[in-house]
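Coordinate analysis (summary)
These are the residues of each chain, in order.
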Amino acid sequence: MSSTTRDERPLRRLGFLGPPGTFTGQALVAMLEPAESAVADLVPLHGSPAVLAAVREGLVDAGCVPLENSVEGAVPPVLDGLTEDPPLAIIREAVLAVRFALIVRPGTTTEGIRAVASHSHGIAQTRDWITTHLPAAEVRIASSTSEGAAQVARGEVDAAVSSPLAAREHGLEILVHDIADHPGAVTRFALVARLGVTPAPTGRDRTTLALAVENRPGSLVTLLREFALRDIDLTRIESRPVRNRPGNYWFHLDCAGHVEEPAVGEALAALRRRGAHVRNLGSYPRADTPQPPVGTGHR
Ligand SMILES: O=C(O)C(=O)C[C@]1(C(=O)O)C=C[C@@H](O)C=C1
């Protein structure tokens with residue numbers, strides 16, 4: 001059974017959480033085939049919501065956003081953005097090892113750091129290090145780790161928690177390498193497109209869904225049982241509030257398999273029969289092996 005269509009148009013214009021030097025930009029490069037990289041126009045955008053908006057408005061063919069981090073969990077603005085209208089679908093994913101460096105303007109010492117900036121996830125993953133080594137520094141949240149680096153370059157803060165690549169992109173230097181509190185962290189990124197682009201099943205796929213259910217005893221368990229009955233492995237589940245309906249939640253979940261395979265397709269049909277509002281957020285090849293950060297994230 002299939003209600004999906006293929007769209008073989010090449011992905012030319014690709015948005016990503018910018019500026020150049022973010023982990024998301026590096027993940028986007030890792031998702032592309034060499035032939036695609038050769039012709040792709042990589043467009044840095046300010047904030048993950050702006051990336052999703054650009055995809056919806058057709059300003060880019062697809063956009064790369066962070067989904068979840070192994071230490072800090074989901075990226076809430078991305079989960080919330082995925083359930084807005086018109087619907088979007090994930091067409092590729094990448095898992096990237098994230099390593100953080102403290103980057104500064106040439107000549108800055110640890111003693112000279114009064115303010116340090118990064119993405120909230122970057123700060124969360126280096127909080128112990130910052131507390132120990134920069135106890136007096138003010139922490140400022142930026143829209144991305146590389147935007148933190150841009151603020152250093154503009155003289156707005158003294159240091160940023162960023163990728164080593166961001167130091168190169170912004171003409172800064174690395175004061176301290178590997179400052180993560182939990183070495184070995186990985187982040188999962190998604191390439192998101194408008195509906196109509198569904199990758200063919202590969203036999204090693206993942207499907208992402210968002211479910212809105214009526215709040216009555218057992219309703220969530222009833223829905224989850226539809227996966228268990230069909231022996232479908234659920235790999236992630238979390239909830240986010242439905243913003244304009246207090247007390248109501250979207251349940252975001254990932255499961256193994258492709259919507260065009262009988263088990264997943266039938267599970268989705270059963271969820272709908274049971275009255276759930278189901279957003280199919282895409283079936284795409286699974287990326288199980290973390291990749292090292294690569295490339296510059298832009299041309
Ligand atoms: O700011 C960046 O460089 C990003 O790509 C975002 C992001 C995130 O949202 O988690 C990605 C990886 C790291 O965990 C820190 C930040």
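All values reported here derive from a predicted model rather than from experimental measurement. (Residues numbered from 1 in each chain as written. Predicted model: local features only at pLDDT ≥ 70, side-chain atom pairs only at ≥ 80, totals over all residues. Heavy atoms only, no water.)

1. Digging into the environment of Thr 131
The criterion, for reference: Only runs of H or I of at least four residues qualify as helices and only runs of E of at least two qualify as strands under DSSP, and these elements are numbered from the N terminus.
With respect to the helices, strands and loops of the structure, Thr 131 is situated in helix H6 (residues 127-133). Separated by 81 residues in the primary sequence, Thr 131 and Ala 212 place their C-alpha atoms 40 Å from one another.

2. So, the nonpolar core
Quick reminder of the rule: Put simply, buried Ala, Val, Leu, Ile, Met, Phe, Trp, Tyr and Cys residues joined by side-chain atoms within 4.5 Å make one nonpolar core. Categorising residues by exposure relies on relative accessible area from a 1.4 Å probe, with only protein chains included: less than 20% of the type maximum marks a residue as buried, more than 50% marks it as exposed, and the intermediate range marks it as partly exposed. As annotated, the domain borders come from an automatic or database domain assignment. Contact criterion: two residues are considered in contact whenever any of their non-hydrogen atoms come within 4.5 Å of each other.
One finds Leu 14, Leu 28, Cys 64, Leu 102 and Leu 191 to be the most contacted residues of the largest nonpolar core, which totals 33 residues. For this core, the leading source of residues is helix H1 (residues 23-31), giving 4 residues. For this core, the domains that each give at least three residues are domain 1 (13-97 + 186-285) and domain 2 (101-176). With sequence-adjacent residues up to four places away left out, Leu 28 is seen in contact with Leu 14, Gly 15, Phe 16, Leu 42, Cys 64 and Leu 191. Counting residues in each nonpolar core, the second largest holds 23 residues, with Val 65, Leu 67, Ala 210 and Val 242 among its members.

3. A few points about helix H3 (residues 48-56)
Inspection of H3 places Ser 48, Val 51, Leu 52, Ala 54, Val 55 and Arg 56 among the buried residues, and these make up the whole buried set. Each element contacted by the buried residues of H3 is listed here: strand E1 (13-17), strand E2 (41-45), strand E3 (62-69), helix H4 (76-82), strand E5 (88-97) and strand E11 (186-194). Where H3 terminates, the next one or two residues include Gly 58, which has phi positive at roughly 80°.

4. Overview of the UniProt feature "domain: Prephenate dehydratase" (unreviewed entry) in the protein
Spelled out, the test is: UniProt positions are given in the numbering used here, feature names are shortened, and annotations may be inferred rather than shown by experiment.
As recorded in UniProt, the sites labelled "domain: Prephenate dehydratase" (unreviewed entry) are residues 13-194. The span residues 13-194 carries 32% helix and 32% strand; its end-to-end C-alpha distance comes to 13 Å.

5. Thoughts on the domain arrangement of the protein
The condition that has to hold: The term buried area denotes the loss of accessible surface (1.4 Å probe radius) that occurs when two parts are joined, taken as the sum for both partners.
For the protein, the assigned domains read domain 1 (13-97 + 186-285) and domain 2 (101-176). One C-alpha centre belongs to domain 1, the other to domain 2; they are set 30 Å apart. With 15 residues of domain 1 at the contact, the number on the domain 2 side is 13 residues. Where domain 1 abuts domain 2, roughly 1,200 Å² becomes buried across the two surfaces, and 66% of that area is made up of carbon and sulfur atoms.

6. So, the pattern of salt bridges
Oppositely charged side chains are able to pair whenever their charged atoms sit close together. Going by this rule: Every case where a carboxyl oxygen of Asp or Glu lies within 4 Å of a side-chain nitrogen of Lys or Arg is listed as a salt bridge.
One pass over the full model with this rule turns up 21 salt bridges. When the shortest N-O distance is used, the salt bridge between Glu 93 and Arg 206 registers 2.9 Å. Residue Glu 93 is located in strand E5, and its partner Arg 206 is located in strand E12 (residues 205-212); the two are separated by 113 residues in the primary sequence. We note that Glu 93, like Arg 206, is buried. Asp 254 is the salt-bridge partner of Arg 236, the closest N and O atoms lying 2.8 Å from each other. With Arg 236 in strand E13 (residues 234-241) and Asp 254 in strand E14 (residues 249-256), this pair connects stretches of sequence that are 18 residues apart. Like Asp 254, Arg 236 is buried. Three or more residues are tied together by salt bridges with common partners; here these are Glu 68, Glu 93, Arg 188, Arg 206, Arg 236, Glu 238 and Asp 254.

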